[in-house]
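Structural features, examined
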Amino acid sequence: MTLRPNNLHVYNTLTRSKVRFEPLAPPAPPANRRAVGMYVCGPTVYGDAHIGHAKSYVSFDVIVRYLRYLGYNVRYVQNITDVGHLTDDADQGEDKVEKKARAERIHPMQVAEKFTRSYFEDMDRLNVLRPDISPRASGHIIEQIELVKRIIERGHAYEVGGNVYFDVASWPQYGRLSGRSVDEMVAGARVEVAADKRAPADFALWKRAEPGHIMQWPSPWGMGYPGWHLECSAMSMKYLGESFDIHGGGIENQFPHHEDEIAQAEAATGKPFAKYWIHNNMVTVGGQKMGKSLGNFITLKDVFQKWDPMVLRLFILQSHYRSPLDFSDEALGAAKEGLARILGLSERVVRVLMQWPGGQSYPIPRPSDDRPFVVEARRRFGEAMDDDFNTPLAIAAIFDFVREANRSIETQTLSRDFLHSIYYALFDLCEELLGLRAGTSAAASQYVPALVQILIDLRNEARAAKNFAQADAIRKRLDEIGIILEDTKEGTKWRFK
Ligand SMILES: [Zn+2]
């Protein structure tokens, strides 16, 4: 597929500006496709995913979907952190996965496996496409050790008694991403400083395993385990090359995590690491930061008890990924109504087509061209997405489109081509790009009317053969699943209860 014309601009945290998106790789023959490498920091798997994860991964999912729609050949890598992430997010504290394992009296790898599965289960329900590669930190210890060796060789890290630290003083570019000075960063982090560090800002690349530490590996510096930041530098470069296009993650990880990733990678290779840094904002609850200790921690499994995952998805996309999102039941209620309006139009179009004289062919054919208001909706949608993935504006364009389409259906003489055009605008923009789907995908739900018609035909055949018991059974069983049959002069019609 060749690249669609676009004017995509993205906000790059590294330069603090919105810039034209230009991938590193030149277009590749024969199809003029351009490769895009994208890495997003994945979850630390020691508990169920919460609404903050949903905002992050739904946002990056739509970014990947839009890049692919434009024709970019995206390789999307998102890691699974199963070792080395300590409880204070820096160099002190206990490994989060090991701590959970101790509390549950199971092996750390059981914890990691359980919550990796739980994470993907929740993301599947949110219709977040799986990353192309989901590398585990514990599966890339060799790559991480090799990276530490390169950093030491180039004079940017030092070993003390089995610990290896990055020498921040040797790396003047440190602080470029977060825009903070080393002093500010040290003061802001408020971490307990390990006694063996040369300077408080130095961070661990490799940690010596204390007695009783389960997840540990042999290394040139003795038994130990990698520092949390190391895995992302090692695994992104393994699968995307030493320089790649997009690195994404939560705004709270700009420092120290992403700052350290850049230092490690560039100190080892001497090349620029990621070209574009994209950061999504956080979720608040009642205006408060969400946290386990604050008691306002909401897991996705809790949300899904009450709300359709697609309602949460629409709610997330109705704010910009760089804006904070305040979670409340009222706001989700509004999103539920919005979702019903969009999906209602899709169902309505399919129903009208179903009752069309002469029937409808499946799959629904793509129209040769679109009516002006459909063209306008697609244009507005693309313009919004080109402006740093502005999903709230794109969704506003869809709501205007839904209103206009409903009005046209009510007031105009309809053609099948016109209905097909509405159907595919909804399919392309809402389902394929925004990932909003009805209970089943639109591709599958278009068959519902056809299946009901088959049952109506069988019932009529039963009646013609005077098999009234069979005919009644068909009507009764459809009624049980919420589909009503009505016999009229024009034949049998159906509707949802
Ligand atoms: Zn990371």
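Located above this text is the structure these notes cover.
In short, a report on the structure.

What counts, and where the lines are drawn
- Residues numbered from 1 in each chain as written.
- Predicted model: local features only at pLDDT ≥ 70, side-chain atom pairs only at ≥ 80, totals over all residues.
- Heavy atoms only, no water.
- Core = buried A, V, L, I, M, F, W, Y, C linked by side-chain atoms within 4.5 Å.
- Buried < 20%, exposed > 50% of the residue type's maximum accessible area, 1.4 Å probe, protein only.
- Contact = heavy atoms within 4.5 Å.
- Phe/Tyr/Trp six-rings, centres within 6.5 Å; stacked < 30°, edge-to-face > 60°.
- Helix = DSSP H or I, 4+ residues; strand = E, 2+ residues; numbered from the N terminus.
- Pairing = 2+ DSSP bridges.
- Axes fitted to C-alpha atoms, helices over the stretch in contact; angles between N-to-C directions.
- Parallel < 35°, antiparallel > 145°, perpendicular 65-115°, else oblique.
- Nonpolar A, V, L, I, M, F, W, Y, C, P; charged D, E, K, R; others polar.
- Polar contact = N/O pair within 3.5 Å; in protein donor to acceptor, adjacent residues only side chain to side chain.
- Right-handed = clockwise from strand over helix to strand, strands pointing away.
- Expected span 1.5 Å × (residues − 1).
- Arc of directions from axis to C-beta.

Of all hydrophobic cores here, the largest spans 92 residues; its most connected members are Met38, Leu67, Leu312, Phe327, Phe401 and Ile422. What Leu67 contacts, discounting residues up to four positions off in sequence, is Leu8, Phe21, Val36, Met38, Tyr72, Val74 and Ile246. Formed by 45 residues, the second largest nonpolar core is a distinct cluster that contains Leu147, Val168, Met185 and Phe203.

One pass over the full model with this rule turns up 20 aromatic pairs. Both rings, one in Tyr158 and one in Tyr165, keep their centres 5.9 Å apart while their planes meet at 45°; by these two values the pair is tilted. In this structure Tyr165 comes out as buried when scored by relative accessible area, which is 2%. Aromatic pair Phe373 and Phe418: ring centres 6.0 Å apart, planes at 50°, arrangement tilted. Here the residue Phe373 occupies a position in helix α11 (residues 372–386), and Phe418 occupies one in helix α13 (residues 416–433), the gap between them amounting to 45 residues.

Looking now at the sheet that holds strand β8 (residues 224–226). Pairing within the open sheet is antiparallel, and its four strands lie in the order β5-β6-β7-β8. At either end of the open sheet lies a strand with only one pairing partner, and these are β5 (157–160) and β8. Averaged over all neighbouring strand pairs, the angle between strand axes comes to 20°, with direction disregarded. The pairing of strand β7 (residues 203–208) with β8 spans three bridges and is classified as antiparallel. Within β8, the position partnered with Lys207 by the bridge is Tyr225. With respect to the sheet, helix α7 (residues 254–269) is in contact with β6 (163–166) and β7, its orientation differing from that of β7 by roughly 80°.

It is worth spelling out unusual backbone geometry at this point. Here Phe255 and Pro256 are connected by a cis peptide whose omega angle stands at 0°. Of note in the backbone geometry, Phe389 takes a positive phi value of approximately 55° without being a glycine. Mapped onto the secondary structure, Phe389 falls in the loop between α11 and α12 (391–411). The class of Phe389 is buried, set by a relative accessible area of 3%.

What follows concerns the environment of Ile51. Structurally, the position occupied by Ile51 is in helix α1 (residues 51–70). Counting along the chain gives 74 residues from Ile51 to Arg125, while the straight-line C-alpha distance between them is 13 Å. Not counting residues up to four positions away in its chain, the partners in contact with Ile51 are Val283, Val285, Met290, Ile298, Leu300, Val303 and Phe327.

This paragraph deals with the packing of helix α9 (residues 309–317) against helix α10 (residues 329–354). Their axes nearest at 8 Å, the elements α9 and α10 cross at an angle of 100°. In terms of axis orientation, α9 runs roughly perpendicular to α10. Facing Met310, Val311, Leu312, Leu314 and Phe315 of α9, the residues of α10 in contact are Ala331, Leu332, Ala335, Lys336, Gly338 and Leu339. Split by residue class, the contact of α9 with α10 holds nine nonpolar, one polar and one charged.

Another aspect to go through is the environment of Arg475. Tracing the backbone through its elements, the reader meets Arg475 in helix α16 (residues 468–480). Residues Arg475 and Glu184, 291 residues apart in the sequence, show an inter-C-alpha distance of 72 Å. When near neighbours in sequence (up to four residues on either side) are disregarded, Arg475 contacts Arg459, Leu485 and Asp487. Within the local environment of Arg475, its side chain forms a polar contact with the backbone oxygen of Leu485, the two atoms lying 3.2 Å apart.

Counting buried residues in strand β3 (residues 34–40) gives six out of seven residues, a clear majority hidden from the surface. As judged from the seven bridges shared by β3 and strand β4 (residues 72–78), these two strands associate in the parallel manner. Paired with Val40 across the two strands is Gln78, which belongs to β4. One crossover worth recording links β3 to the parallel β4 by way of α1, and it is right-handed. Where β3 meets strand β9 (residues 244–250), three bridges bridge the pair, whose relative direction is parallel. Counted as the bridge partner of Met38 is Ile246 from β9.

Picture the strands of a sheet paired through backbone hydrogen bonds; they go either parallel or antiparallel. With parallel pairing, four strands are arranged side by side in an open sheet as β4-β3-β9-β10. Each of the sheet's edge strands pairs with one partner strand only, and the pair in question is β4 and β10 (274–280). Averaged over all neighbouring strand pairs, the angle between strand axes comes to 20°, with direction disregarded. Sheet strands in contact with helix α6 (residues 228–240) are β3, β4 and β9, and its direction is about 160° off that of β3.

Further remarks concern α16. With 13 residues, α16 should cover 18 Å at 1.5 Å per step; its first-to-last C-alpha distance of 18 Å lies within 8% of that length. Taken together, the buried positions of α16 are Ala471, Ile474 and Leu478. In a view along the axis of α16, the buried residues occupy a sector of 60°, so they form one face of it. Of the exposed residues in α16, those oriented more than 90 degrees away from the buried face are Ala469, Lys476, Arg477 and Glu480. Considering only its buried residues, α16 is in contact with α15 (447–464) and β14 (483–488). Looking one or two residues beyond α16, the residue adopting positive phi is Gly482, at roughly 95°.

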